[in-house]
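# Structure at a glance
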Amino acid sequence: NREALAQLCSANGLKEEDLRNADKITHIEMVLDDYYIMDTLNLFTNLKSVVLIQQAISRISGLELCPALERLVLNENRIEKVENLSNNTHLRHLHLSCNAIAELGNGLE
């Protein structure tokens, strides 16, 4: 989703030319925006930290190609199920407070 990518870049001070070297970006943060499609994170394959607080995220996704991810903060979203984290074998800090989690799913296998 181009709109979601533009929003993510804007919030992190990234320009379109920065996307040519997206593998050099290791941290993404957004607070109090209306970002809801995490799939665009797959462009940033060397992410170590993702912080997305008070967004409209209902599903964890887009991190399958980010095996170096160590820290994921998704507080105050609409997440109901922990899923799609099995490729993130370096994940050490997972914060999901103030969500609607009812199921752990296959996310932590």
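Everything below is about the structure shown above.
Residues numbered from 1 in each chain as written. Predicted model: local features only at pLDDT ≥ 70, side-chain atom pairs only at ≥ 80, totals over all residues. Heavy atoms only, no water.

### Some thoughts on the pattern of salt bridges
As a reminder of what qualifies: Definition used for salt bridges: Asp or Glu carboxyl oxygen within 4 Å of a side-chain nitrogen of Lys or Arg. Numbering of helices and strands starts at the N terminus; helices are DSSP runs of H or I of at least 4 residues and strands are runs of E of at least 2. Classification of residues uses two cut-offs on accessible area relative to the type maximum, computed with a 1.4 Å probe and protein chains only: under 20% is buried, over 50% is exposed, and between them is partly exposed.
Under the counting rule described, the total for this entry stands at 2 salt bridges. In this structure, Glu 70 engages Lys 48 in a salt bridge whose closest nitrogen and oxygen atoms are separated by 3.9 Å. Here Glu 70, found in the loop between β2 (49-53) and β3 (71-73), pairs with Lys 48, found in the loop between β1 (27-31) and β2; they are 22 residues apart in sequence, far enough to count as distant. For Lys 48, a relative accessible area of 35% translates into the label partly exposed.

### Overview of the sheet that holds strand β4 (residues 93-95)
Paired through backbone hydrogen bonds, the strands of a sheet run either parallel or antiparallel to each other. As a reminder of what qualifies: Paired strands, in this sense, are two strands between which DSSP finds at least two bridges. Note on geometry: axes are C-alpha line fits, over the in-contact stretch for helices, and angles between N-to-C directions span 0 to 180 degrees.
Reading across the sheet, the 4 strands line up as β1-β2-β3-β4 and stay open at both edges, with parallel pairing between neighbours. Edge positions in the sheet fall to β1 and β4, since each has one partner strand and no second. Averaged over neighbouring strand pairs, the angle between their axes works out to 5° when direction is ignored. Direction of pairing for β3 relative to β4: parallel, over a ladder of 3 bridges. Bridge pairing in β4 links Val 73 to His 95.

### Overview of the nonpolar core
Note the cut-off: Within this scheme, the nonpolar core is defined by two criteria: the residues are buried Ala, Val, Leu, Ile, Met, Phe, Trp, Tyr or Cys, and they are joined through side-chain atoms within 4.5 Å. Whether two residues touch is decided by their heavy atoms; if any such pair falls within 4.5 Å, the residues are in contact.
The biggest cluster of nonpolar side chains holds 29 residues, and the ones touching the most others in it are Tyr 35, Leu 41, Leu 47, Leu 52, Leu 63 and Leu 74. When residues of this core are traced back to their parent elements, those giving at least two are α1 (2-11), β1 and β2. No other element matches the 4 residues that α1 contributes to this core. Those residues within four positions of Leu 52 in sequence are excluded, and the remaining contacts are Met 30, Tyr 35, Met 38, Leu 41, Ile 57, Val 73, Leu 74, Asn 75 and Asn 77.

### Describing α1
Condition: To be clear, the arc concerns the directions from the helix axis to the C-beta atoms.
All of the buried residues along α1 are Ala 4, Leu 5, Leu 8 and Cys 9. What you see down the axis of α1 is that its buried residues fit within an arc of 135°, all on one side. Exposed residues lying more than 90 degrees from the buried face of α1 are Arg 2, Glu 3 and Ser 10. On its buried side, α1 packs onto β1. Directly beyond the C-terminal end of α1, a positive phi value near 65° is found at Gly 13.

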